[in-house]
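Structural overview
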Amino acid sequence: MSQPLEFRPEAEDAVSDEGEALRFMRPHFGEEKFPWIQIWGYIGSLVLTFAALIMVVDHVLPPLALLSVILALAVGQAALQLGVFMHLRESRGLAWQIIFLGMVLLMAVGMVGMSIWIMTFKSGVS
Amino acid sequence: MPSFVMYLVHTLFPHDVLRPTELGADVMIIATGVIIFYVLTKQKKWLYLWREWLTTVDHKKIGIMYLIAALAMLFRGGVDALMLRTNLALPSTPVIDALEYNQVFTTHGTIMIFFMAMPFIFALFNVAVPLMIGARDVAFPRINAMSFWLFAFGALLLNISFVIGGSPDAGWTAYPPYTGPMFNPGPGENYFFLSLLIAGIGTTMTGINFLVTVLRMRAPGMTLMKMPMFIWSALTTSALIIFAFPPLTVALAMSLFDRIFGSSFFTLGHGGLAMMYVNLFWLFGHPEVYIVVLPVFGIFSEVVATFSQKALFGYSVMVISIVSIMVLAYGTWVHHFFTMGAGPGVNAFFGLSTMLIAIPTGVKIFNWIFTMWGGRIQMTVAMLYQMAFIPTFVIGGATGILLATVPADYQLHNTYFLIAHFHNVLIGGTLFGLLSGLYYWWPKMFGHKLDERQGKWAFWLFFWGFWITFGPQYLLGLKGMTRRIYTYPAGFGWHTLNVISTLGAFVMGAAFVILVYNIIYSLQHGEKDLTGDPWNGRTLEWAIPSPAPEYNFARIPVVHERDAWWDMKQKGQTLAAMRPEDMRTLELPKNTPIPFLLGFAFFVVGFGMTFEWWYIVALGAIGVVATLIYSGFDYDEHKHIAAEEVLEIEAGLGRVQG
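Conventions adopted
- Residues numbered from 1 in each chain as written.
- Chains lettered and ligands numbered in written order.
- Predicted model: local features only at pLDDT ≥ 70, side-chain atom pairs only at ≥ 80, totals over all residues.
- Heavy atoms only, no water.
- Helix = DSSP H or I, 4+ residues; strand = E, 2+ residues; numbered from the N terminus.
- Rg over C-alpha atoms; globule rule 2.2 N^0.38 Å.
- Buried < 20%, exposed > 50% of the residue type's maximum accessible area, 1.4 Å probe, protein only.
- Contact = heavy atoms within 4.5 Å.
- Areas by Shrake-Rupley, 256 points an atom, 1.4 Å probe, with all protein chains shown as cover.
- Axes fitted to C-alpha atoms, helices over the stretch in contact; angles between N-to-C directions.
- Parallel < 35°, antiparallel > 145°, perpendicular 65-115°, else oblique.
- Left-handed = near helix turned anticlockwise from the far one by under 90°.
- Domains from an automatic or database assignment.
- Buried area = accessible area lost by both parts, 1.4 Å probe.
- Salt bridge = Lys/Arg side-chain N within 4 Å of Asp/Glu carboxyl O.
- Nonpolar A, V, L, I, M, F, W, Y, C, P; charged D, E, K, R; others polar.
- Polar contact = N/O pair within 3.5 Å; in protein donor to acceptor, adjacent residues only side chain to side chain.
- Phe/Tyr/Trp six-rings, centres within 6.5 Å; stacked < 30°, edge-to-face > 60°.
- Lys NZ or Arg CZ within 6 Å of the ring centre and 35° of its normal.
- 1 Å grid on protein atoms, 1.4 Å probe; cavity = no way out; pocket = protein on both sides within 12 Å on 5 of 7 lines; lining within 4 Å.
- Points joined across faces, edges and corners; volume = space filled by probe spheres on them.

1. Digging into the overall build of chain B
- In terms of regular secondary structure, chain B is built from 20 helices and two strands.
- A compact globule built from 658 residues would reach a C-alpha radius of gyration of about 26 Å, and chain B, at 25 Å, matches this within 12%.
- Taking the principal axes of the C-alpha coordinates as reference, chain B spans close to 75 × 65 × 45 Å.
- Classification of the 658 residues of chain B by burial places 60% in the buried group.

2. Some thoughts on the overall build of chain A
- Tallying secondary structure elements over chain A gives three helices and zero strands in all.
- Along chain A, helices and strands appear, N-terminal first, in the series α-α-α.
- Expressed as a percentage of the 126 residues in chain A, the buried residues total 19%.
- Sequence-distant contacts in chain A: of pairs separated by 6 or more residues, those separated by 24 or more amount to 64%.
- Carbon and sulfur atoms provide 74% of the accessible area of chain A, an area that totals close to 9500 Å².

3. Comments concerning the packing of helix 14 (residues 416–446) of chain B against helix 16 (residues 495–525) of chain B
Residue and element names in this part refer to chain B.
- At their nearest, the axes of helix 14 and helix 16 sit 13 Å apart, and the two run at 10 degrees to each other. Taken together, helix 14 and helix 16 sit at an angle that is classed as roughly parallel. Here helix 14 and helix 16 pass one another in a crossing that is left-handed. Residue-level contacts link Ile427, Leu435, Leu438, Tyr439 and Trp442 of helix 14 to Met508, Leu515, Asn518, Ile519 and Leu523 of helix 16.

4. As for the domain arrangement of chain B
All names here are of chain B.
- Per the domain assignment, the segments making up chain B are domain 1 (1–44) and domain 2 (45–592 + 637–652).
- Placing the centre of domain 1 and that of domain 2 at their C-alpha centroids yields a distance of 31 Å.
- Across the boundary between the two partners, domain 1 contributes 17 residues, which contact 14 residues of domain 2.
- Buried area between domain 1 and domain 2, both sides added, is near 1300 Å², and the carbon and sulfur share of it is 61%.
- A salt bridge links Glu100 to Arg19, with the nearest nitrogen and oxygen atoms 3.5 Å apart.
- Contributions of two or more residues to the side of domain 1 that touches domain 2 are made by helix 1 (2–12) and helix 2 (20–42).
- Class assignment for the residues of the side of domain 1 that touches domain 2 results in eight nonpolar, four polar and five charged.

5. Overview of the packing of helix 4 (residues 59–89) of chain B against helix 16 of chain B
Residues and elements named next belong to chain B.
- Following both chains from N to C, one finds helix 4 and helix 16 inclined at 160 degrees, their axes separated by 9 Å at the closest point. What the angle tells us is that helix 4 and helix 16 run roughly antiparallel. Here helix 4 and helix 16 pass one another in a crossing that is left-handed. Together, Leu71, Leu74, Phe75, Leu82, Arg85, Thr86, Leu88 and Ala89 of helix 4 and His495, Asn498, Val499, Ser501, Thr502, Ala505, Phe506, Phe512 and Ile519 of helix 16 make up the contact between the two elements.
- Each residue belonging to the contact of helix 4 with helix 16 can be placed in one class, and the counts come to 11 nonpolar, five polar and one charged.

6. Regarding the interface of chain B and chain A
- The partner chain A presents 30 residues to the 40 residues of chain B that form the contact.
- In total, chain B and chain A occlude about 3000 Å² of area from one another, counting both sides; carbon and sulfur atoms represent 70% of this.
- Along the contact surface separating chain B from chain A lie zero salt bridges.
- Taken together, the connections running from chain B to chain A amount to five residue pairs in polar contact (both at pLDDT 80 or more).
- Within the residue set of the side of chain B that touches chain A, elements represented by two or more residues are helix 7 (188–216), helix 9 (274–308), helix 11 (344–372) and helix 17 (564–570) of chain B.
- Of the residues assigned to the side of chain B that touches chain A, the class counts are 24 nonpolar, 10 polar and six charged.

7. Observations concerning the side chain of Ser238 of chain B
Residue and element names in this part refer to chain B.
- Here Ser238 lies in helix 8 (residues 229–260).
- Here the side chain of Ser238 touches Ala234 through a polar contact of 2.6 Å, landing on its backbone oxygen.
- Beyond its immediate chain neighbours, meaning those up to four positions away, Ser238 contacts Gly207, Phe210 and Leu211.

8. Here we look at the packing of aromatic side chains
Residues and elements named next belong to chain B.
- In this structure the tally under the stated criterion is 72 aromatic pairs over all chains.
- Centre to centre, the rings of Phe148 and Phe151 are 6.0 Å apart; their planes meet at 55 degrees, and the pair counts as tilted. Here Phe151 and Phe148 lie together in helix 6 (residues 141–160), a separation of three residues that amounts to about one turn. Pair check on accessibility: Phe148 and Phe151 agree, each one buried.
- The lysine or arginine in question, Lys45, covers the ring of Tyr48, its NZ or CZ lying 4.9 Å from the ring centre.
- The ring centre of Trp53 lies 5.5 Å from the NZ or CZ of Lys61, which sits over that ring.

9. A short note on empty space enclosed by the protein
Residue and element names in this part refer to chain B.
- Scanning the model with the defined rule gives two cavities of 30 Å³ or more in all.
- Roughly 110 Å³ of internal volume is contained in the largest cavity.
- What lines the largest cavity is a set of 14 residues, and nearest its centre among them are Phe114, Met118, Phe151, Ala199 and Thr203.
- Of all the secondary-structure elements, those providing two or more residues to the lining of the largest cavity are helix 5 (98–132), helix 6 and helix 7.
- The dominant element in the lining of the largest cavity, judged by the number of residues it contributes, is helix 7, at six residues.
- For the lining of the largest cavity, the per-class residue count stands at nine nonpolar, five polar and no charged.
- Of the residues assigned to the lining of the second largest cavity, the class counts are six nonpolar, one polar and three charged.

10. As for the environment of Gly526 of chain B
Residue and element names in this part refer to chain B.
- With respect to the element layout, Gly526 can be found in the loop between helix 16 and helix 17.
- Taking the C-alpha atoms as reference points, Gly526 and Lys449, 77 residues apart in sequence, are found 5.5 Å from one another.
- Those residues in contact with Gly526, other than ones at most four positions away along the chain, are His448, Lys449 and Tyr521.

11. Here's the deal with the side chain of Lys444 of chain B
Residue and element names in this part refer to chain B.
- Note on placement: Lys444 falls in helix 14.
- Among the polar contacts listed, one links the side chain of Lys444 to the side chain of Ser546, at a separation of 2.9 Å.
- For Lys444, the residues in contact, after removing those within four places along its chain, are Leu131, Gly532, Glu541, Trp542, Ile544, Pro545, Ser546, Pro547 and Ala548.

Below, the structure written as structure tokens:
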């Protein structure tokens, strides 16, 4: 009546066993002796942040141009954060990334777009 | 030199921290501190405290520390509530003045949401999630400890405000322009923004941690659709945290910039847009409501199945509804500020999206009822909270639909009707659920049950106390009583209902005292849980001894069915009859002081910035960076428990054959 209990095989205590068919899904991590990429990424992110701050504080451009430039800097910052610190390139294949990135894009566009819509009350009729 | 001292005294102890309530609290804090110091020194427990608790990365111990903090904060928030209610019962002779009343309702709200409900939820996540999915710890144990210490030092920063420097007084929502330096000088609001920023970093890391834990650490065979509902709730809550906290962080940081660095994001002049803060705050604030209620849906799904001795009814529908609640939760935030006047199009959209959430929630309510249908129901304390939750939450949800109706909201906005509504869902939902989870998982945490008879007393007092407090507040709201007033003129017809409401608040206070007595009594006299499965449970945490050994599972079982442990019991299997040859050497995370030191360094930054003492800020910032760099290069983060040692521990628990 009583069936023997199965345990997780020992090898798995290190790596999970995806089937052969899913081999491309296995994680591949970049390992380096010293994290130069991260250090440059950190410096880069600070440069982008302070560039935006200084441009706004000193009003270096007319408002519309200023907005466009800091928006471009923000996109660059997002790309840098995802690429360097979120380890986007060291992953289990593209399939998972696209689902999550798509969701992130949907949420971000939704939140920003709806906020703009909501805050138009200043110009519209209420 | 004396002028320097006078400056310090005036800054740290202005007159609004020298009122009798604050001085009384000072005496109590110092007395408690002395007693704790004396006991720890006398019993030589300092080293034990450091080694076993302050430096631990074990999710079970972190869970217990979250729990202790949450109960302490429930006490403080509760005392605040009693002060507010006392004032409102005595409108002609207010006990506290308007300024103190503002400070007290601000700390009441902030503490109950950020420093009571959230850590209580993280306590139960930490205690139950890794055990339920058959894992040895969370995905990132050290980050888990960092999350706890950032929360703990953030909470400390907010809590010292009322005795050092002065409390915040702009409400838990901290709307500008009142939070600006022009209207609100002094350190109070700085404390508020900094403590929430620091605790918020910890919360975000917890969200990431549990998302990865659930997705990556499950026992073999536990597919997503075989996860217990509580795990689904942990997954969806984590996703909500990750998307909801950035807008809060941004809103808080920009407010802080307005205060400290003279920017004008939310000011009235210089092109600031105060309503943008409101928009950002509720962009966080509405998902936050679901962050504190979805875990509770998970807890109730476990409790109702266990104590009905029946599988959860409609599992896949439950999953669909929890995921759709998660998604819809992002699309409703404007219902917190319909009266801003964003126009009929915006308000109609968000009114409808709000009502839409009632559908998946209603589905869940029916599924819990159908789970009980035909089950053998055991009326334990955990189950009583579940059964009280259903009608209470339904009424709270229904009044929420009333508030979502835009024309009605223009009448009810910021009245006691709103106060009654959100306490209805936060106490009837969140608090009842957390207490249910507390009684349910207590044996797993401490190895003994909480006394059921005392627990039932606490339950009935909480239940009736809740209705006596908040039932009259619905009527007060309809009679036009607005929130956040410290007194009101006689002859408005509000007095009787307010007195009844205050009585109810004291009944809930009594319930809290009984709860604490129940915990202390049960530490000594509670029924020991020797089997590890005191409730005839269904999920994997009940397959291991209580309290769980450091490594949780000597071997991780393969899961075949949804209620994995119930399925094993049906097949006559057990984890309590291991063979000596089954034992393996286990790898576990190693204790580290880094998280504690990081939290402390952040506290120094926060305290320095509150008073704008930049040398202290620099000192703390150096501490933060140094701790992080040290942590990044600290590769000695694992330890091993030899197979023989595991065998010895398991044999000591009587769980080895022969």
